[in-house]
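Chain and residue survey
Chain residues, written in single-letter form:
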Protein chains: 2
Amino acid sequence: MSTTHTGKIDIIKAAASKINEVDFENLSFGSVFTDHLLECDFINGEWQKPVIKPYAPFLLDPSARVFHYGQAIFEGMKAYKDESDDIWLFRPDENFKRFNNSAVRMAMPEVPEDVFMNGLNELLRLDEAWIKKGKGNTLYIRPFLIATGQGVIANPSDDYKFMVILSPAKSYYSGEVKVLIAEHFSRAANGGIGAAKAAGNYAAQFYPTSLANAAGFQQVIWTDDATHTKLEEAGTMNVFFRINDTLYTAPTSERILDGITRKSLIDMAKKEGIAVEVRPVLVSELVEASKNGTLKEIFGAGTAAVVNPIIGFSYKEVYYELPKIENSYASQLKDKLTNIQHKLAEDTFGWTVKV
Amino acid sequence: MSTTHTGKIDIIKAAASKINEVDFENLSFGSVFTDHLLECDFINGEWQKPVIKPYAPFLLDPSARVFHYGQAIFEGMKAYKDESDDIWLFRPDENFKRFNNSAVRMAMPEVPEDVFMNGLNELLRLDEAWIKKGKGNTLYIRPFLIATGQGVIANPSDDYKFMVILSPAKSYYSGEVKVLIAEHFSRAANGGIGAAKAAGNYAAQFYPTSLANAAGFQQVIWTDDATHTKLEEAGTMNVFFRINDTLYTAPTSERILDGITRKSLIDMAKKEGIAVEVRPVLVSELVEASKNGTLKEIFGAGTAAVVNPIIGFSYKEVYYELPKIENSYASQLKDKLTNIQHKLAEDTFGWTVKV
Ligand SMILES: Cc1ncc(COP(=O)(O)O)c(C=O)c1O
Ligand SMILES: Cc1ncc(COP(=O)(O)O)c(C=O)c1O
C-alpha cells in the first residue's frame, strides 16, 4: 500500500486490484465493490480529514447507535464513462442536497460539500477502471452516514462515520413487474421520515413486500397511511401513471422521496410536449381508468431502475392488466434520459457534471 | 482467556475484569458495559452455536445491510439481585415474544428461545458481580439483532447477528419532566412499524425531540399521525393519564409499543381497586381536564424509566401545569412494581423469574 498526502485528503492505495476477478457481463446489483472507499469521521463535533483507502470491513462497538436507534442515511447515484473516457455524474448536487436534508431530519451532522464532492471525485478517479464504457454500464455510488457513538440511550450519537462505496452495475433489468397496491401496510407517516433516505424506511417495507412477492407481485405501490386512497411511490422508485396522453405523478410531501429521476422525467416530458400533472392520484381513478381503457402506462423512476415499466396492478384482490403499447412514454423517456447520462445526446438541461 | 465448551454454548472468558474501574454510584445510563457479551450468528438460513466472549468491537462490511436498510431490532430488560444474591428477571418471556414479533415485522429470522433465554442466563451468571444489591440498582439488558449480510440492494439480508450486552444502571431519575404534545411530527404510521422495537423508530424521533428540548421540554408525547388528536406514547415510555380517580391509557395498536411496564401497571392498578380505562385518549380531553381541575397526573411507564411522573404539558403553545399531589398513583405503583422486581414484596402475579 502506498500513501499519498494531499492537503485535503489522505489516499492509501490497495496493494493489488480485484478488478480481474470481476465478470462485468454478469453483475448482480450492489454485490461487487471496487478497490477503494472514501471515509470521513465526525468526532467531538468536528469532521476529521477524509481518507481514501482499500475497501475492507471496519470495527464498531456493539453499542454503536446505528445498531440500536437506526441513525443511518444514504444516497444512490451513478457514474458513466463516455466514448472519450471522460467520467460523468448526473445532477450530483441534488444528491448532495438531499443527503444533507436527510441528515437534518435524522439529527445527524451535515457532511461538508468539500468532503462529499471532492472526496467522491478523487475516489472515482482512483477507481476509474471500474467504470465501463457503453450504454447500460454504470458505476453505482453509495454515500452513507452512520452513527458510531457508543451507548444504549435513545439520544443522537456524538460520533458518525461517512463513507462512499462503489459498485459496478449493469442496467437494472428486473423483468416484467407487476405491483400490488397497498391496502393495509404503509411506508411513511404524516410528520414522519418518508422524505428522508433513512435506512429504517427500507427495512419497514421488507415484510409487506415479501407478502406481495409470495402473491406474485414484485413490488408494492404505497398509498397514504391515513386513508390508503392516494397513490404515493414504490419501494425505491417514484411512480408515473399515463391516462390517455397525460402523465400523472404524486406531489412530493413529507411521506415521499423527492426523486431526482422523477423530477428529471417531468422536465423532459414537458419539453417533449407531453402533458404532465403533478397532483394526488387516487387509487379509484386508476381502477376506473383501467376499466374504461384510458390507463395506458404505469412506470417507476429511480436511479437504480432508471425507468421501469409496470405491466399490471392488483387492488382488493382484482388484477388489472395494462395494454401492450408501442413507443410508450416509458421507453421514450428512458432512451432520452440514458442518452443524456451516457453523453450520447446533447444535455440541454445542464444536468451532467464532469468528474 | 479460557474457553469452555458445553454442549450448547461456547464460553470465552475475559483475561481480566473491568469491574474495578467502574464507579457504581455514578453511572450514566447505558454507557458502561460488563466484561462479556452473548453472540449468535444466523448464516445461510441457520442459527450457529452461540458464544459468550469478552465485550469488544467487531468487524462489519461497509455494505452490511444494517447500515443501508435499517434491519435492526432490540429489547430492553433488567436483572435484579435480591438480599440472598439470587438474580431475577421480570417477565422475560414477554421480552422474548416481543423480540420475535419485531423480527417478523422487520423480515428477520426469529431467535430460538434456547439461544435467547439460556444464552442470557449463562451470560448473567458469568457477569453476576456486575449486578448490585439494593433497590435502585439494576443491570440493564440489551438483546439486539442486526442484518450483517453484504450488498446494497433493498432486500432482506441473508445473514444476521444476535447479541446481548449488559449495562449496570442506577434507577433512571430524569428530574422534572415536561412534555410537548406533538402537533405536526409523528412517530409511527398506520400499517407501519410503530409496534415493533425497530431501531429506525427511535432515530425518527431525535429531530422533533431536539426541537422540543430546545423549547424546554424533555420529551414528546406522540399523537396519531393522521389527525394528531389522539394521545399515543412517549419516545421510550407508554403514557398514563389520571382524570379524577380513573387511570386512562391508549390501547395498543400497530402504532404503539405494547409495553411490559404498561401492562403490568394496568394489572397492578386493577388489583389495587383503581379504575383503569384502556381507550383512545383525546388531546382535547386532556386540555379540558386540565382546565377544569380534574387532571391529576400524567406519567410514563417503561423498563428504563420505570414510572416517570410528568409535571406539565404544552399543546398549541399553551403550557398546562399539573397539580402537586400526595401519594400519587405514580408513586404508589412505582413502589409496588420495584418491590416486586427487587423481591422485597410478594410477587402474587408470578412475574419474576429466577436466573
Ligand atoms: C423511496 C424511494 N423513492 C424514490 C427513489 C428514486 O429516487 P432517485 O430518482 O433520486 O433515485 C428512491 C431511490 O433512490 C427511493 O429510495
Ligand atoms: C417506544 C416505546 N414505548 C414504550 C416502551 C416501554 O416498554 P416496556 O415497558 O416494555 O419497557 C418502550 C421501551 O421499552 C419503548 O421503546
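Rules behind the numbers
- Numbering of residues begins from 1 in every chain and follows the order in which that chain's sequence is written.
- Both sets of labels track the order of writing: A upward for chains, 1 upward for ligands.
- Residue-level local features of this predicted model are given only where pLDDT is at least 70; pairs of side-chain atoms are given and counted only at 80 or more, and the full residue set underlies all totals for whole chains, interfaces and linings.
- Only heavy atoms go into the side-chain values, all of them from the structure, while hydrogens and water stay out.
- Numbering of helices and strands starts at the N terminus; helices are DSSP runs of H or I of at least 4 residues and strands are runs of E of at least 2.
- The quantity called the radius of gyration is restricted to C-alpha atoms. Its globule counterpart is 2.2 Å times the number of residues to the power 0.38.
- Exposure is judged per residue with a 1.4 Å probe applied to protein chains only, and the accessible area is read against the type maximum: over 50% gives exposed, under 20% gives buried, and values in between give partly exposed.
- The contact criterion used is simple: two residues touch if any of their non-hydrogen atoms lie within 4.5 Å.
- For every accessible area listed, the method is Shrake-Rupley and the probe measures 1.4 Å; residues are considered covered only by the protein chains on display.
- None of His or the chain ends enter the tally, which takes Lys and Arg as positive and Asp and Glu as negative.
- All charge positions are set by atom: Lys at NZ, Arg at CZ, Asp at CG, Glu at CD.
- Buried area is understood as the total, over both parts, of accessible area removed when two parts are fitted together, assessed with a 1.4 Å probe.
- Salt bridges are defined as contacts in which a side-chain nitrogen from Lys or Arg sits within 4 Å of a carboxyl oxygen from Asp or Glu.
- Side-chain atoms alone can form a polar contact between residues adjacent in sequence; in general such a contact is a pair of N or O atoms within 3.5 Å, and within protein one must be able to donate a hydrogen while the other accepts it.
- In this classification, the charged set is Asp, Glu, Lys and Arg, the nonpolar set is Ala, Val, Leu, Ile, Met, Phe, Trp, Tyr, Cys and Pro, and all remaining amino acids, among them Gly, are polar.
- When the copies are superposed, the least-squares fit takes in the C-alpha atoms of residues with a pLDDT of at least 70 in both.
- One heavy atom within 4 Å of a molecule or strand makes the whole residue count as near it.
- UniProt positions are given in the numbering used here, feature names are shortened, and annotations may be inferred rather than shown by experiment.
- Here the nonpolar core consists of buried residues drawn from Ala, Val, Leu, Ile, Met, Phe, Trp, Tyr and Cys, with membership extended through side-chain atoms lying within 4.5 Å.
- Geometry of aromatic contacts follows a simple scheme: Phe, Tyr and Trp rings, the Trp one being its six-membered ring, pair when their centres are within 6.5 Å, and the pair is stacked under 30 degrees between planes, edge-to-face over 60, tilted otherwise.
- For a ring to carry a charge above it, either NZ of a lysine or CZ of an arginine must fall within 6 Å of the ring centroid while also lying within 35 degrees of the normal to the ring plane.
- What marks off one domain from the next here is an automatic or database domain assignment.

Per the secondary structure count, chain A includes seven helices and 22 strands. Its C-alpha radius of gyration of 21 Å places chain A within 12% of the 20 Å reference for a compact globule of 355 residues. Oriented by its inertia axes, the alpha-carbon framework of chain A measures out at about 65 × 55 × 35 Å. When burial is assessed residue by residue, chain A has 59% of its 355 residues classed as buried. Long-range pairs, those at least 24 residues apart, make up 71% of the contacts in chain A between residues at least 6 apart in sequence. Here chain A has roughly 13,700 Å² of accessible surface; of this, 48% comes from carbon and sulfur atoms. A gap of 2 Å separates the mean positions of the 38 positive and 45 negative side-chain charges of chain A.

What follows is about the interface of chain B and chain A. Counting residues at the interface gives 59 residues for chain B, matched by 59 residues for chain A. When chain B packs against chain A, the two sides together hide about 4,800 Å² of surface, and 67% of this comes from carbon and sulfur. Considering only the surface of chain B that becomes buried against chain A, P62, F67 and F206 of chain B emerge as the three largest contributors, covering 15% of it. Inspection of the chain B/chain A interface yields zero salt bridges. The interface formed by chain B and chain A holds 24 residue pairs in polar contact (both at pLDDT 80 or more) in total. Considering every element that reaches the side of chain B that touches chain A, the biggest residue donor is helix α4 (residues 199-214) of chain B, with eight residues. Classifying every residue of the side of chain B that touches chain A gives 40 nonpolar, 14 polar and five charged.

Attention shifts here to the relation of the copies chain B and chain A. The operation relating the pair of chain copies consists of a rotation about an axis and a translation along that axis. Under the fitted operation, chain B is carried onto chain A by 0.0 Å of movement along the axis and a turn of 180°, and the coordinates agree to an RMSD of 0.0 Å. This pairing of chains is accounted for by a two-fold axis. Looking at the interface residues of chain B, 100% of them are also at the interface in chain A, so both copies use one shared face.

In this section: the site of ligand 2. All names here are of chain B. Within the structure, ligand 2 sits among 16 residues, and K197, Y202, E233, T261 and T303 are positioned closest to it. Interatomic distance of 2.8 Å between a side-chain N/O atom of R98 and an oxygen atom of ligand 2. At 2.4 Å, a side-chain N or O of Y202 approaches an oxygen atom of ligand 2. Isolated, ligand 2 exposes 380 Å² of accessible area, and the fraction of that covered by the protein chains is 97%. For the shell around ligand 2, the secondary structure elements donating two or more residues are α5 (260-271) and β19 (295-302). Taken together, the residues of the shell around ligand 2 sort by class into five nonpolar, seven polar and four charged.

Residues and elements named next belong to chain A. Residues annotated by UniProt as "modified residue: N6-(pyridoxal phosphate)lysine" (unreviewed entry) correspond here to K197. Its place among the elements puts K197 in the loop between β12 (177-181) and α4 (199-214). Among all residues touching K197, those that are not within four sequence positions of it are A72, I73, F74, E75, G76, R98, S102, Y202 and L257.

A few words on the nonpolar core. Formed by 133 residues in total, the largest nonpolar core has its most connected members in F67, L145 and F162 of chain A together with F67, L145 and F162 of chain B. Contacts of F67 of chain A, omitting those with residues within four sequence positions, involve L60, D61 and P62 of chain A together with F58, L60, V66, F67, A72, F144, I146 and A199 of chain B.

Quick look at the pattern of salt bridges now. Counting across every chain of the model gives 46 salt bridges over all chains. Across the pair K53 of chain B and E39 of chain B runs a salt bridge whose closest N-O atoms are separated by 2.8 Å. Of this pair, K53 of chain B sits in strand β5 (residues 51-54) while E39 of chain B sits in strand β3 (residues 36-43), and the two are 14 residues apart along the sequence. When the shortest N-O distance is used, the salt bridge between E232 of chain B and R255 of chain B registers 2.6 Å. Note that E232 of chain B is positioned in the loop between β14 (230-231) and β15 (238-243) and R255 of chain B in the loop between β16 (246-249) and α5, a separation of 23 residues in sequence. R255 of chain B matches E232 of chain B in its accessibility class, with the two residues each being buried. Here the residues in one salt-bridge network are R91, E94, K97, D258 and K263 of chain A, joined through shared partners.

Our next topic: the packing of aromatic side chains. Summed over all chains, the structure comprises 43 aromatic pairs over all chains. Measuring from centroid to centroid gives 5.1 Å for F33 of chain A and Y55 of chain A, while their planes differ by 10°, and the two rings are stacked. One end of the pair, F33 of chain A, is in the loop between β2 (10-12) and β3 (36-43); the other, Y55 of chain A, is in the loop between β5 (51-54) and β6 (58-60), with 22 residues separating them in the sequence. Using a relative accessible area of 14% as the deciding quantity, one classes Y55 of chain A as buried. Centre to centre, the rings of F313 of chain A and Y320 of chain A are 4.8 Å apart; their planes meet at 15°, and the pair counts as stacked. Members of the aromatic cluster, joined through ring pairs, are F58, F67 and F144 of chain A together with F58, F67 and F144 of chain B. When the ring centre of Y329 of chain B is taken as reference, the NZ or CZ atom of R242 of chain B above it lies at 3.7 Å.

A few words on the domain arrangement of chain A. Residues and elements named next belong to chain A. Examined at the domain level, chain A breaks down into domain 1 (3-169) and domain 2 (177-341). Here the C-alpha centre of domain 2 lies 28 Å away from the C-alpha centre of domain 1. Domain 1 puts 20 residues into the contact, and the matching count from domain 2 is 23 residues. Linking domain 1 with domain 2 are two salt bridges. Residue D335 pairs with K135 through a salt bridge whose shortest N-O separation is 3.9 Å. Summed over the shared surface of domain 1 and domain 2, the number is 13 residue pairs in polar contact (both at pLDDT 80 or more). Elements represented by at least two residues in the side of domain 1 that touches domain 2 include exactly β7 (72-74), β8 (77-81), β9 (87-90) and α2 (92-105). Across the side of domain 1 that touches domain 2, the residue classes break down as ten nonpolar, three polar and seven charged.

Time to look at the site of ligand 1. Residue and element names in this part refer to chain A. Contacts to ligand 1 come from 16 residues, most closely from K197, Y202, E233, T261 and T303. Take K197: an N or O atom from its side chain is 2.7 Å from an oxygen atom of ligand 1. A distance of 2.6 Å separates an oxygen atom of ligand 1 from a polar atom in the side chain of T261. Alone, ligand 1 offers 380 Å² of accessible surface; in the complex the protein occludes 97% of this. Here the shell around ligand 1 is composed, by residue class, of five nonpolar, seven polar and four charged.

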